[in-house]
Amino acid sequence: MGRRYFCDYCDRSFQDNLHNRKKHLNGIQHQRSKKAWYDVFRDASEIFVEEESKKHCRRFLQTGHCDFGPSCRFSHMTAEDMDALKGRVEAERILKENLSRQIPPCNVHPWLEERAKRESRRNDSASISERPIYHLPPGWPPLCELPPSLHPPTAADGDHPGVLEWG
């Protein structure tokens, strides 16, 4: 018995050689299983557009069952299902808009200007005995929520040179 190939989509294994693998990967059962797996991760908007463009399956509407199942080229969604899907699409759209508003734009220029000012002040001042002032970068949580490794050094930590920077 040689090596065996296990297909995660179909949940089955077979002897691994070129002929068997090609036969399996091109088989209808594998294609259906693979499509079903990736359909789970599709957006509601994609599903809605696809289902809206299909005609209704007469057999499914009459009997509630279709011999072709998920591979049927006609839609098996009722009007209530389509309304629910449309609501889901709208909810996803609103969620994406809210998330895009919450993320601040990345702007480095103010930080660079502030850093240049600090550098010029540091070079101008002759007194190194002053304790440096630490500022957390914008967008960071409060100091009490940071892990100890990200806390600024204190006077008890020893004598630190004034060249320590955050960011």
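As the structure is a prediction and not an experimental result, all values here were calculated from the model.

Asker: Just checking my understanding: could you explain the pairing of strand E1 (residues 4-7) for this structure?
Answerer: Each regular strand shows side chains that alternate between the opposite faces of the sheet. As paired elements, E1 and strand E2 (residues 12-15) share 4 bridges and run antiparallel to each other. Of the residues in E2, the one forming a bridge with Tyr5 is Phe14.

Asker: How should I be thinking about the pattern of salt bridges in this particular structure?
Answerer: Two side chains that carry opposite charge are able to pair once their charged atoms sit near each other. Across all of its chains, the model carries 12 salt bridges by this definition. A salt bridge links Asp16 to Arg21; the nearest nitrogen and oxygen atoms lie 3.0 Å apart. Under the relative-accessibility criterion, Asp16 is labelled buried at 18%. Residue classification places Arg21 among the partly exposed positions, given a relative accessible area of 30%. Linking Glu50 and Lys54 is a salt bridge whose minimum nitrogen-to-oxygen distance equals 3.6 Å. For Glu50, a relative accessible area of 30% puts it in the partly exposed group. If you follow the salt bridges from partner to partner, you end up with Lys35, Asp39, Arg42, Glu50, Glu51 and Lys54 in one network.

Asker: What exactly am I supposed to notice about the side chain of His30 here?
Answerer: If you trace the backbone, His30 turns up in helix H2 (residues 28-39). You can call His30 buried: its relative accessible area is 5%. Within the structure, His30 has its side chain in polar contact with the side chain of His24 (distance 3.2 Å). Look past the residues within four positions of His30 in its chain and what remains in contact with it is Cys7, Tyr9, Cys10, His24 and Leu25.

Asker: Would you mind showing me how to read the UniProt feature "domain: C3H1-type" (unreviewed entry) in the protein here?
Answerer: Taken from the UniProt record, the annotation "domain: C3H1-type" (unreviewed entry) applies to residues 51-79. The annotated region residues 51-79 carries 34% helix and 0% strand content, and the separation between its end C-alpha atoms amounts to 11 Å.

Asker: Just to check I follow, could you spell out the environment of Leu143 for this structure?
Answerer: By the element assignment, Leu143 lies in the segment after helix H6 (109-124). Taking the relative accessible area as the measure of exposure, Leu143 reaches 35% and is therefore partly exposed. Among residues more than four places away in sequence, those in contact with Leu143 are Leu136, His151 and Pro152.

Asker: Is there a simple way to think about the side chain of Ser75 in this case?
Answerer: Along the chain, Ser75 falls in the loop between helix H4 (58-63) and helix H5 (79-102). Ser75 gets classed as buried once you look at its relative accessible area, which sits at 3%. Side-chain polar atoms of Ser75 contact the backbone nitrogen of Met77, separated by 3.3 Å. Ignoring anything within four residues of it in the chain, the contact list for Ser75 reads Glu51, Lys54, Lys55, His56 and Cys57.

Conventions and cut-offs
Residues numbered from 1 in each chain as written. Predicted model: local features only at pLDDT ≥ 70, side-chain atom pairs only at ≥ 80, totals over all residues. Heavy atoms only, no water. Pairing = 2+ DSSP bridges. Helix = DSSP H or I, 4+ residues; strand = E, 2+ residues; numbered from the N terminus. Salt bridge = Lys/Arg side-chain N within 4 Å of Asp/Glu carboxyl O. Buried < 20%, exposed > 50% of the residue type's maximum accessible area, 1.4 Å probe, protein only. Polar contact = N/O pair within 3.5 Å; in protein donor to acceptor, adjacent residues only side chain to side chain. Contact = heavy atoms within 4.5 Å. UniProt positions renumbered as here; feature names shortened; annotations may be inferred.

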